[in-house]
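Residue strings, one per chain:
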Amino acid sequence: MIGLISATAAGAAARDRLAAAWPDRTRVYDGPVKDAVRTAFAECEQLVCFLATGAVVRLIAPLLGEKASDPGVVCVDEGGRFAVSLVGGHAGGANELARAVGGVLGAEPVVTTATDAVGLPGLDTLGFPVEGDVAAVSRALLDGEPVALVAEVSWPLPPLPVAAEGAYTIRVTDRAAEPAEREVVLRPPTLVAGVGASRGAPADEVLGLVEGALRDAGLSGASLAELATVDAKAEEPGIVEAARRLGVPLVTYAAEELAQVDVPNPSEAPLAAVGTPSVAEAAALVGGGELLVPKRKSAMATCAVGRRPGRGRLAVVGLGPGARDLLTPRAQQELRRASVLVGLDQYVDQIRDLLRPGTRVLESGLGAEEERARTAVAQARKGHAVALIGSGDAGVYAMASPALAEASDDIDVVGVPGVTAALAAGAILGAPLGHDHVSISLSDLHTPWEVIERRVRAAAEADLVVTFYNPRSRGRDWQLPKALAILAGHREPTTPVGVVRNASRPDESGRLTTLAELDPATVDMMTVVTVGNTATREIAGRMVTPRGYRWQEEAK
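Within any chain, residue numbers begin from 1 and follow the written order of that chain's sequence. Per-residue local features of the predicted model are confined to residues with pLDDT of at least 70, and side-chain atom pairs are confined, for both listing and counting, to 80 or more; whole-chain, interface and lining totals are unaffected and use all residues. Here the side-chain values reflect all heavy atoms present in the structure, with hydrogen atoms and water set aside.

Overview of the overall build of the protein chain
By the criteria applied, helices consist of DSSP H or I runs no shorter than four residues and strands consist of E runs no shorter than two, each listed in order from the N terminus. A count of helices and strands for the protein chain gives 19 helices and 28 strands. Each principal axis of the C-alpha distribution contributes one length, and for the protein chain these read about 85 × 65 × 55 Å. Residue burial in the protein chain is summarised as follows: out of 556 residues, 47% are buried. Whether two residues are in contact is decided by their heavy atoms, any of which lying within 4.5 Å being enough. Across the protein chain, every contact between residues at least 6 apart in sequence was considered, and the portion connecting residues at least 24 apart equals 64%. Accessible surface is estimated by sampling points in the Shrake-Rupley manner with a 1.4 Å probe; for residues, cover comes only from the protein chains shown. Roughly 26100 Å² of accessible area belongs to the protein chain as shown, and the carbon and sulfur atoms make up 51% of that amount. Under the convention used here, Asp and Glu are negative, Lys and Arg are positive, and both His and the chain ends fall outside the count. In plain terms, the charge of a residue is placed at NZ if it is Lys, CZ if Arg, CG if Asp and CD if Glu. Of the charged side chains in the protein chain, 54 are positive and 69 negative, and the gap between their average positions amounts to 2 Å. Buried, partly exposed and exposed residues are distinguished by accessible area as a fraction of the type maximum, computed with a 1.4 Å probe on protein chains only: under 20%, between the cut-offs, and over 50%, respectively.

Next up, the structure:
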């Protein structure tokens, strides 16, 4: 819960805006400010104080305890201009809260945590347990000292400026090893404990069996991701309570699914009881991986431990038409999250300044789309967090389709939409896409012209607004005139046509003409051509396609 405290009318107005935006996450604390802060500090995970930072410092100073347990505190000034992360930037989540508050209120987030200030991810903000000298290793990263990355298990990490060797070390492991001097140990959630139990098995017995299996194998309980069992044991009290005490979810699988898993120690007993020859080992291995601890038994329970490989992550990111303010916040987040970036060299140049230190960039020139798609998927299969970039929306004449054609279900794939060239051009022209419309690429380098022509004819006969991508190049100068001639057979010569070049970029240009007057020679590959339908009109210098709904006709 986020506690909200204010002292003035202006502060209360901003407070109420935040409360309205996050009704399920916030609680307003009224009354004397000192009492409100004290109560909220004790009851909430985070605080947003609409007060001066000096005042908040004095109010919370007597309340501060441990860095790991204190709530994160954000201050917002009276004018609502700044959201300052004051206390608990990482552990308390104040840095992210400041950014989120800024997004709601239109305030500038102020984050002074050293790693955030220079674009480095905090080692204690990666979403899994961290042990060792976080401060010293973080300082070494900030100072540019060589920090070695030792990955004993594969897991997708954000970009880190690491080296093969160094006086400081970041170790990624699920082994129960104590951090050495100048070392940070990251423990990703790689381990799955498969469990089975007889009816009425005590929680202490199940818990002891799991903890003993981890301890004897030299594995860290901090890397335990889940307890897994068969559906028939989903409500077995001892298993449910053991998962609760371990602080991990209980995941269950159908007996039929477990029966398909190849295990080293099948048994007739569980087959007769619940319909699968293995519960513990099969549940530990569902989804693949390696068996680290074969089935072991106590009086009433069984346990096995498996290690699941970290799944690589491929984000296919649309960068929009070119302007930085048309690059979505989600796209920026994915660019900063990726440890490997794959893209066309000119697109990489557009966003290079947004990448975090340590990001590995794999760029190539025009004509290498399939190679880039294969490279991105291959990097994700190695367990990396990968961003594959394209202009506009990555799913529209861009990188999403070749990448997804290469990808299988062994990696996670995320699509990040972007502003397409058609939409950017439409906004410049007016509202040409106000009713049904279609986009058609006139490039016949990979699509036979006969197919393209058939689509143009269908759009012409259906009276659709048409946006032409890749309309004309030096080597392809006849396709656009041919397509326009097809449309002219179904539309008046005065039909409005919008021509936009380099939409949203510094040398952007846009103009309106007609189907009869458009000179194809003025069009190139950086241009988008939008041809209206029979209802499209030029109104006050803008291209407008009426929505064409019945109520519009009745209002005339």
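Next comes the rest of the description.
Digging into the pairing of strand 1 (residues 2–6)
Summarising burial for strand 1: five of the five residues are buried, a large majority. Where burial is concerned, the two faces of strand 1 agree: the one with Ile2, Leu4 and Ser6 and the one with Gly3 and Ile5 are both buried. Criterion used throughout: strands pair if DSSP finds at least two bridges between them. With five bridges joining them, strand 1 and strand 3 (residues 46–50) adopt parallel strand pairing. The partner of Ile5 across the bridge, within strand 3, is Cys49.

So, the state of the cysteines
We call a pair of cysteine sulfur atoms a disulfide whenever their separation is within 2.5 Å. Under the definition given, this model contains zero disulfides. Of the cysteine sulfurs around Cys49, a residue in no disulfide, the closest is that of Cys75, at 5.6 Å. With a relative accessible area of 1%, Cys75 lands in the buried category.

Considerations on helix 7 (residues 203–216)
Multiplying one less than the number of residues by 1.5 Å gives the expected span of a helix. Compared with the 20 Å implied by 1.5 Å per residue over 14 residues, the 20 Å span of helix 7 between its first and last C-alpha is a close match. Taken together, the buried positions of helix 7 are Ala203, Glu205, Val206, Leu207, Leu209, Val210, Gly212, Ala213 and Leu214. Buried residues along helix 7 sit in contact with strand 11 (191–197), strand 12 (224–230), helix 8 (237–246), strand 14 (290–297) and strand 15 (301–307).

Thoughts on helix 6 (residues 134–143)
Taken together, the buried positions of helix 6 are Ala136, Val137, Ser138, Ala140 and Leu141. A positive backbone phi angle near 80° is found at Gly144, which sits one or two residues after helix 6.

Here we look at the sheet that holds strand 15
In a beta sheet, neighbouring strands pair by backbone hydrogen bonds and run either parallel or antiparallel. Here five strands make up an open sheet; going across it, the order is 13-12-11-15-14 and the pairing mixed. Among the strands making up the open sheet, the edge pair consists of strand 13 (250–253) and strand 14. For this sheet, the mean angle separating the axes of adjacent strands, direction not counted, is 25°. Looking at chain direction, strand 11 and strand 12 are connected through four bridges and run parallel. Bridging across to strand 12, Ala193 finds its partner in Leu227. Here the axes come from fitting lines to C-alpha atoms, over the contacting stretch only for helices, and the angles between their N-to-C directions go from 0 to 180 degrees. Against the sheet, helix 7 contacts strand 11, strand 12, strand 14 and strand 15, and its axis sits at roughly 40° relative to strand 15. In this fold helix 8 packs onto strand 11, strand 12 and strand 13, with an angle of close to 175° to the strand it touches most, strand 12.

Let's talk about the pattern of salt bridges
Salt bridges are defined by distance alone: a side-chain nitrogen of Lys or Arg within 4 Å of a carboxyl oxygen of Asp or Glu. A full pass over the atoms with the stated rule returns 25 salt bridges. In this structure, Glu183 and Arg171 form a salt bridge, with 2.8 Å as the shortest nitrogen-oxygen distance. Remark: Arg171 occurs in strand 9 (residues 168–172) and Glu183 occurs in strand 10 (residues 183–186); sequence separation between them is twelve residues. Classification of Arg171 as partly exposed rests on a relative accessible area of 22%. A salt bridge links Glu241 to Arg244; the shortest N-O distance between them is 2.6 Å.

A few points about the sheet that holds strand 25 (residues 509–514)
One open sheet accounts for five strands, arranged 22-23-26-24-25; its pairing is mixed. Two strands close off the open sheet at either side, each with one partner strand: strand 22 (437–441) and strand 25. Taken pair by pair, the neighbouring strands of this sheet meet at an average axis angle of 20°, ignoring direction. As judged from the six bridges shared by strand 24 (residues 496–501) and strand 25, these two strands associate in the antiparallel manner. Paired with Gly498 across the two strands is Leu512, which belongs to strand 25. With respect to the sheet, helix 16 (residues 421–429) is in contact with strand 22, strand 23 (465–469), strand 24, strand 25 and strand 26 (527–531), its orientation differing from that of strand 24 by roughly 115°.

Describing the nonpolar core
To define a nonpolar core, start from buried Ala, Val, Leu, Ile, Met, Phe, Trp, Tyr and Cys residues and group those joined through side-chain atoms within 4.5 Å. Counting 22 residues, the largest nonpolar core has Val210, Leu214, Leu224, Leu227, Cys303 and Val305 as its most contacted members. Sorting the residues of this core by element identifies strand 11, helix 7, strand 12, helix 8 and strand 15 as the ones contributing at least two each. When residues in this core are grouped by element, the largest group, six residues, is from helix 7. Grouped together as the second largest cluster of nonpolar side chains are 21 residues, Trp449, Ala459, Val466 and Val523 included.

Comments concerning the packing of helix 17 (residues 449–461) against helix 18 (residues 479–488)
Axis separation between helix 17 and helix 18 bottoms out at 9 Å; the angle between their running directions is 30°. Comparing their axes, helix 18 and helix 17 come out roughly parallel. Both helix 17 and helix 18 take part in a crossing whose hand is right-handed. Side by side, helix 17 and helix 18 meet where Trp449, Glu453, Val456, Arg457 and Ala460 of the first sit next to Gln479, Lys482, Ala483, Ile486 and Leu487 of the second. For classification purposes, angles smaller than 35 degrees are called roughly parallel, those larger than 145 roughly antiparallel, those between 65 and 115 roughly perpendicular, and all remaining angles oblique. By convention the crossing between two helices is left-handed if the near helix lies anticlockwise of the far one by an angle smaller than a right angle, and right-handed if it lies clockwise.

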